[in-house]
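Observations on chain architecture
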Amino acid sequence: MSTFFLTTAIDYANGDPHVGHAYEKIGADAIARYRRLRGDDVHFLIGMDEHGQKVEQTAAQQGVTPQALVDVLADTFCTMWTRLGISYDQFIRTTDPMHREGVRALIERIFDRSPDDFYEQAYEGWYCVGCESFKQDSEIVDGKCVLHPTRTLERVQERNWFFRLSRYEDFLRDLLTSRPQFLQPESRRNEMLALIDGGLEDVSASRSRLKWGVPFPKPLSSGEVQTTYVWFDALPNYLTATGFPRGEWADRWPAQLHVVGKDITRFHSIIWPAMLQAAQLPLPERVWGHGFVLLGGERFSKSAGVRLDLDEAIGRFGADAFRYFLLREIPFDADGSFSWERFEERYNADLANAWGNLASRVIAMVERYFDGVVPSGARTQVDDEDAAELRDYHAAMDGTRGFLLHEALRVVWQSVVRGNEYVDRQAPWKLAKDPALRGDLETTLASLIRQLARQAVMLAPFMPNKTQELWRQLGAPGQVSEQRFAALPELDATGWKVAKGDPLFPKEARER
RNA sequence: GGCAGGGUAGCUCAGCUGGUUAGAGCACGGCACUCAUAAUGCCGGGGUCGCGGGUUCGAGUCCCGCCCCUGCUACCA
């Protein structure tokens, strides 16, 4: 049994969860559940990034302490993840004492193992009082901050700890080229290689203005104790979650997979590996930069999040249908669009008509012709074709070509389509009229029940509740989540007692 | 601006190293069937393959130019 430690980005505590957050968690959850069905010892980590100026400011505006603010948000996020069926094993918060201690330990370890990698430097830049932050040239127009054109930018000097990222150019280039799977999809890797070739600048590791965070373990030569800047606070969560530096952290680290948005692949594939290398710690095995959910051509973000309410999306057809839609419609390696029209089309065409109805008609026939007890029947073409499809499914899911969740679903629906074709071709209702054809009827329905069971297992990572409901209707033993892919080729449904229930994916009563 | 990817049926997209009538799903029209959530199956209509040149016996597929879209171009996270 191999271990599989996977993570998502930790979400920044500056607003309620939106579809963009949900998409990443749902995708990662599908991978986690898939690995469990393979028999892996999965540890699925998600969490929140709770430090930073924005949190501090928002709390001040609301007249509460930062801790009180993030406590509420963490609760809101966890509630949402539960509603969406996210099967996380651990929820880390950067305000956890364990994390804060781990961050200090990691930084101290870098000081210890790579003493030259941290250095003090005076940073001089244009500071916008309105934004309370330094501005890059790209954010300055006519000498004014683009967000606060009425204010005057101040030339401010700040002395910070810096991390010598530039030293790791060759190391990182070699990492990305010698281990092509380290960063996928390929488009992201090419971008990062271009970035490295352009030269890496050192990054600051501490800030003086920032108060809400982890104290940087070493004071500046002036004696000032600064606060750890975001890279060295947020990124290490994956490591500190294992308990580092205490206990059996090495049993879990390194992570097998970091699932992150394409906007932060840079931090995960450049800064993070360099930090770990500086600390002489193992690197994560791979980073996957997924795309974004777009709405009307724009990406979801803190500002646009209000345009699609998660509660409404879940309420429309339920959490499982929402999960299915996002992962089927939006390629996990690129961007895709959400629209209510497509959501309804997919729900009706894929879930209700194709799959739900296939289950419905097959189970109904077993009840009608066999009093609900699945007959024994030899393998058929259906079983053979599904075996080939299972291989395609794994090829899309197991990471060798990336994590192409949308493709895995497409493959399963090929099986669904063939199931419906097979029913029509065999026409069990005709076979049932002729006692001499009883054997054909048995073979047909037995193979269709096997097919539904296999589909339930393959779809369990995507729709955990609906597949369990089908599993129950099929009269299959145990829970669908306890099944193993390895057992599917030998799956035998003989003797199962089916029990048709309500439609898996009911269509609304259409007004006429 | 530089680098990368893309513009193919109403919609979402496949089309590898150039080769017979350009494909799939959804949507749409007709037929069949009746086990099923009026679901399913079969058949069909529908495309100047972004624009303009060029190479070639032959280009959606190669070359040149142009137009448009997206991503990356590092300290909000």
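Calculation rules
Residues numbered from 1 in each chain as written. Chains lettered and ligands numbered in written order. Predicted model: local features only at pLDDT ≥ 70, side-chain atom pairs only at ≥ 80, totals over all residues. Heavy atoms only, no water. Salt bridge = Lys/Arg side-chain N within 4 Å of Asp/Glu carboxyl O. Helix = DSSP H or I, 4+ residues; strand = E, 2+ residues; numbered from the N terminus. Buried < 20%, exposed > 50% of the residue type's maximum accessible area, 1.4 Å probe, protein only. Domains from an automatic or database assignment. Contact = heavy atoms within 4.5 Å. Buried area = accessible area lost by both parts, 1.4 Å probe. Polar contact = N/O pair within 3.5 Å; in protein donor to acceptor, adjacent residues only side chain to side chain. Near = heavy atom within 4 Å. Expected span 1.5 Å × (residues − 1). Bend = angle between axes of the 7 residues up to and from the residue.

Going through the model one piece at a time under the given rule, you end up with 33 salt bridges. Between Arg-173 and Asp-197 there is a salt bridge; the shortest N-O distance is 2.8 Å. Taken together, the residues Arg-173 in helix H5 (residues 169-178) and Asp-197 in helix H6 (residues 186-197) connect sequence positions 24 residues apart. The class of Asp-197 is exposed, set by a relative accessible area of 54%. Between Arg-454 and Asp-386 there is a salt bridge, and its shortest N-O distance comes to 2.9 Å. Of this pair, Arg-454 sits in helix H16 (residues 438-459) while Asp-386 sits in helix H13 (residues 381-397); the two residues are 68 residues apart in sequence, bridging distant segments of the chain.

Parsing chain A into structural domains produces domain 1 (3-308) and domain 2 (320-490). Spacing between the C-alpha centres of domain 1 and domain 2 amounts to 39 Å. Taken together, the contact pairs 33 residues of domain 1 with 35 residues of domain 2. At the boundary of domain 1 with domain 2, total buried surface from both sides reaches about 2,800 Å², with 67% on carbon and sulfur atoms. When the area that domain 1 buries against domain 2 is broken down by residue, the three leading residues are Tyr-23, Tyr-34 and Leu-37, summing to 26%. Viewed at the interface, domain 2 and domain 1 are joined by two salt bridges. Arg-323 is the salt-bridge partner of Asp-29, the closest N and O atoms lying 2.7 Å from each other. Viewed at the interface, domain 2 and domain 1 are joined by 16 residue pairs in polar contact (both at pLDDT 80 or more). Elements with a contribution of two residues or more to the side of domain 1 that touches domain 2: helix H1 (19-38), strand E14 (257-261), strand E15 (287-290) and strand E16 (293-295).

Quick look at the protein's contact with RNA strand B now. Around RNA strand B sit 44 residues, and of these Asp-49, Ser-204, Tyr-229, Arg-266 and Asn-357 come closest. Those atoms of RNA strand B that come within 4 Å of the protein belong to sugar or phosphate at a rate of 73%. Between RNA strand B and the protein, one listed contact pairs a sugar or linking oxygen with a side-chain N or O atom of Asp-424 at 2.7 Å. Counting only elements with at least two residues in the surface near RNA strand B, the list comes to H6, strand E11 (203-204), helix H7 (230-234), helix H9 (265-278), helix H12 (340-370) and helix H14 (405-426).

Here Gly-318 is to be found in the loop between helix H10 (310-317) and helix H11 (319-329). Here the alpha-carbon distance between Gly-318 and Asn-465, two residues 147 residues apart in the chain, equals 10.0 Å.

Turning to the side chain of His-406, a few remarks are in order. Checked against the element boundaries, His-406 lands in helix H14. At 3.2 Å, the side chain of His-406 and the backbone nitrogen of Phe-332 are in polar contact. Look past the residues within four positions of His-406 in its chain and what remains in contact with it is Leu-327, Arg-328, Ile-330, Pro-331, Phe-332 and Asp-333.

On to H9. Spanning 14 residues, H9 covers 19 Å between terminal C-alpha atoms, matching the ideal 20 Å at 1.5 Å per step. Of all the bends in H9, the largest measures some 30° and sits at Ile-271, one to four residues before the proline Pro-273. The buried fraction of H9 amounts to twelve of the 14 residues, a majority that puts the element mostly inside the structure. Considered for burial, the residues of H9 that qualify are Thr-265, Phe-267, His-268, Ser-269, Ile-270, Ile-271, Trp-272, Pro-273, Ala-274, Met-275, Leu-276 and Ala-278. One or two positions beyond H9, positive phi appears at Gln-280, with a value near 55°.

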